[in-house]
Amino acid sequence: LFRVAPEYETLQDINRPIGFAIRIGIYRGPFTQQGPIIEMLQGLAQSIIKEATQHSVPISEVQLDFDCPESKLEDYTIWVRSIEEAIQPIHLGITALPSWLDQPQCKQLCKAADRVVIQVHSIDRPDSINSDLMLCDPNRAKLTVNKMAEFGIPFRVALPTYTYLLAFDDQGKLSGLSAEGPRPNWPKSFQTRRLPADAILLTELVKAWRQDRPRTLQGLIWYRLPVSNDRHNWRWPTLRAVINGQNLASRLEVQAVPGQEGLYDLFLTNDGTLDYQDKIGIEITWQKQQLIASDALSKFRVSSFTHKSVSLEASDVNGKLAPNETIPIGWIRLSDYDELDFQIKSKNP
């Protein structure tokens, strides 16, 4: 059992109902109404509620996040009913998978819970590193939501914000995947492939549901919220734009910070709402002074220079340049200070 220590002071400041999740790993049974396992889960749910209450956090639900085998949905219902009874009047929620909806026991399971979240993102096991993959297919998501709506039960939809890293061995076979950094058990020699949540496609999906959605679709849940040092997730400008149905685009700007004796440190900033991860060329020009020296940083290189210009190029921008992110790209020293002009030649995503 691993318990996360929530930042209760932060949760208090949000001043909104908070749900706590219990993630259950691989388990195939037995599922019984009594016994050490169900008693442990009941006690865990009760202790979460007690601890949140002691910290003055308004807990609204406990959610079971369990990828139950399809053949065990009827048995899983026993757990759901037992835990729901143990935590009343707090609501019990469950996450459901699209594959469950084809099983006759799924509707009964969903009715046993107070709240249901249907997860519409997943990937099929790829045959090779070049396999056609999508973390969240909007068309499949719509079909799943419409099928879920046939139950007549209120539900929410879980959508992804993160990026999977897929590792492939020398033979091109999948060795593992991670959404929070490389796994230590990956082979020494491997290739990786990034599989991000497509913010543009998900924006269109959210727009479509805002205009026309099943009556029982009550809201969206995003996995996961942005953290500044998380390189495998959207930043807040992206998530905010997707939620509000705004157009997404990266917007690059170059800043030159003057130093001593004609020195300029060069920085590249993404002031847009979308990650930038394409090839880029930057040309810096001036009129009066002479070039003394220059160099590039990060993944940039000096591709050409004259007395009145320097060109920098990069095949990508450190993997990606996230919204609100700034990186150093180089420096130039002129014979004296001058007015600099910048031209950015990029292929925007």
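All of these numbers come straight from a predicted model, not from anything done at the bench.

Next up on the list: the overall build of the protein chain. The helix and strand inventory of the protein chain stands at seven helices and 17 strands. The C-alpha atoms of the protein chain give a radius of gyration of 25 Å, which is well past the 20 Å a tight globule of 349 residues would have. Projected onto its principal axes, the C-alpha positions of the protein chain cover 80 × 50 × 45 Å. Total accessible area on the protein chain stands at roughly 19200 Å², and carbon and sulfur atoms take up 47% of it. In the protein chain, 38 positive and 42 negative side-chain charges are present, and the distance between their average locations comes to 3 Å.

Applying the stated rule across the entire model yields zero disulfides. Free cysteine: C68, not disulfide-bonded; nearest cysteine sulfur from C106 at 10 Å. The class of C68 is buried, set by a relative accessible area of 3%. No disulfide involves C136; its sulfur sits 18 Å from the nearest other cysteine sulfur, which is in C106.

Right, let's get into unusual backbone geometry. Following G29, the chain continues to P30 via a peptide bond in cis, the omega torsion being 5 degrees. If you trace the backbone, P30 turns up in the loop between β1 (18-24) and α2 (36-54). Between Y223 and R224 the backbone carries a cis peptide bond, its omega angle lying at 15 degrees. Within the secondary structure, R224 is located in the loop between β9 (217-223) and α7 (236-244).

Once that is clear, we can look at the sheet that holds strand β8 (residues 191-196). Sheet architecture is open: three strands sit in the order β7-β6-β8, paired in antiparallel fashion. The open sheet has two free edges, formed respectively by β7 (174-178) and β8, since each of these has just one partner strand. Averaged over all neighbouring strand pairs, the angle between strand axes comes to 20 degrees, with direction disregarded. Pairing geometry for strand β6 (residues 163-168) and β8, over six bridges, is antiparallel. Paired with Y164 across the two strands is L195, which belongs to β8.

This part covers the nonpolar core. Burial of nonpolar side chains together is a common tendency in soluble globular proteins. By size, the foremost hydrophobic cluster in this structure holds 75 residues, and its most contacted members are Y76 and L159. Ranked by the residues each element gives to this core, the list is headed by α2, at seven residues. Setting aside its immediate chain neighbours within four residues, L159 contacts V120, H121, C136, L202, L205, V206, W209, L220, I221, W222 and Y223. Grouped together as the second largest cluster of nonpolar side chains are 23 residues, I282, V310, V317 and L340 included.

This paragraph deals with the packing of aromatic side chains. Inspection of the entire model under this criterion finds 11 aromatic pairs. With a centroid separation of 6.4 Å and 80 degrees between ring planes, the pair formed by Y76 and W79 is classed as edge-to-face. Pair noted here: Y76 and W79 are both in helix α3 (residues 73-87), with a separation of three residues, about one helical turn. Linked through ring pairs, Y27, F31, F66, Y76, W79 and W100 together constitute an aromatic cluster.

Across the six residues of strand β15 (residues 309-314), five count as buried, placing the element largely inside the fold. For strand β12 (residues 280-285) and β15, the ladder comprises six bridges, and the chain directions are antiparallel. Note that in β15 the partner of I284 across the bridge is V310. The hairpin turn running from strand β14 (residues 301-306) into β15, its antiparallel successor, is two residues long.

This part is about the environment of L1. Positionally, L1 belongs in the segment before α1 (8-14). Owing to a relative accessible area of 74%, L1 belongs among the exposed residues under this scheme. For the pair L1 and V157, spaced 156 residues apart in sequence, the C-alpha separation works out to 27 Å.

Glancing now at the layout of surface pockets. A volume near 400 Å³ is recorded for the second largest pocket. What lines the second largest pocket is a set of 22 residues, among which P196, A197, D198, A199 and Q277 lie closest to the centre. At the level of secondary structure, the elements contributing two or more residues to the lining of the second largest pocket comprise β8 and α6 (199-211). The dominant element in the lining of the second largest pocket, judged by the number of residues it contributes, is β8, at three residues.

Now for the packing of helix α5 (residues 138-149) against α6. Where α5 meets α6, the closest approach of the two axes is 10 Å, and the angle between their N-to-C directions is 30 degrees. When the interaxial angle is binned, α5 and α6 end up roughly parallel. Every pair of crossing elements has a handedness; the one defined by α5 and α6 is right-handed. On the side of α5, the interface is formed by P138, A141, K142 and V145, while α6 contributes L201, L205, A208 and W209. Split into classes, the residues belonging to the contact of α5 with α6 amount to seven nonpolar, no polar and one charged.

Strand order in the open sheet formed by four strands is β10-β11-β16-β13, with antiparallel pairing between adjacent strands. Two strands in the sheet have a free side with no partner beyond their single neighbour: β10 (252-258) and β13 (291-296). Going from strand to strand, the sheet's axes swing by 25 degrees on average, the running direction of each strand aside. With seven bridges joining them, β10 and strand β11 (residues 263-270) adopt antiparallel strand pairing. Bridge assignment links A256 to a residue of β11, and that residue is L266.

How each quantity is defined
- Residue numbers run consecutively from 1 along every chain, following the written order of its sequence.
- Per-residue local features of the predicted model are confined to residues with pLDDT of at least 70, and side-chain atom pairs are confined, for both listing and counting, to 80 or more; whole-chain, interface and lining totals are unaffected and use all residues.
- As a convention, hydrogens and water are excluded, and side-chain values are obtained from all of the structure's heavy atoms.
- Per the convention used, a helix needs a DSSP run of H or I reaching at least four residues, while a strand needs a run of E reaching at least two, with both numbered from the N terminus.
- Note that the radius of gyration is over C-alpha atoms, with the globule rule given as 2.2 Å times the number of residues to the power 0.38.
- The Shrake-Rupley method, run with a 1.4 Å probe, gives the accessible areas here. Residue values count only the displayed protein chains as cover.
- Positive residues here are Lys and Arg, negative ones are Asp and Glu, while His and the chain termini are left out of the count.
- The atom standing in for a charge is NZ when the residue is Lys, CZ when it is Arg, CG when it is Asp and CD when it is Glu.
- We call a pair of cysteine sulfur atoms a disulfide whenever their separation is within 2.5 Å.
- The cut-offs for exposure are 20% and 50% of the maximum accessible area for each residue type, with area from a 1.4 Å probe on protein chains only; residues under the lower value are buried, those over the upper are exposed, and the others partly exposed.
- A pair of strands counts as paired when DSSP detects no fewer than two bridges linking them.
- For helices, the fitted line uses only the C-alpha atoms of the stretch in contact; every axis is such a line through C-alpha atoms, and the angle between N-to-C directions lies from 0 to 180 degrees.
- Residues belong to a common nonpolar core when they are buried Ala, Val, Leu, Ile, Met, Phe, Trp, Tyr or Cys residues joined through side-chain atoms within 4.5 Å.
- Note on contacts: a residue pair is in contact if any heavy atoms of the two residues lie within 4.5 Å.
- Two rings from Phe, Tyr or Trp (for Trp, the six-membered ring) form a pair when their centres are within 6.5 Å of each other. A pair whose planes differ by under 30 degrees is stacked, one over 60 is edge-to-face, and the rest are tilted.
- The way it works is a 1 Å grid over only the protein atoms, where trapped points that fit a 1.4 Å probe form a cavity and open points with protein on both sides within 12 Å along at least five of seven lines form a pocket, and then any residue with an atom within 4 Å of a point lines it.
- Grid points are joined across faces, edges and corners, and a volume is the space filled by probe spheres set on the points.
- Throughout this description, any angle smaller than 35 degrees is read as roughly parallel, any larger than 145 degrees as roughly antiparallel, any in the 65 to 115 degree range as roughly perpendicular, and the remainder as oblique.
- Handedness of a crossing is defined here by the sense of rotation of the near helix relative to the far one, left-handed for an anticlockwise turn of less than a right angle and right-handed for a clockwise turn.
- Each residue gets one label: Ala, Val, Leu, Ile, Met, Phe, Trp, Tyr, Cys and Pro are nonpolar, Asp, Glu, Lys and Arg are charged, and the others, such as Gly, are polar.

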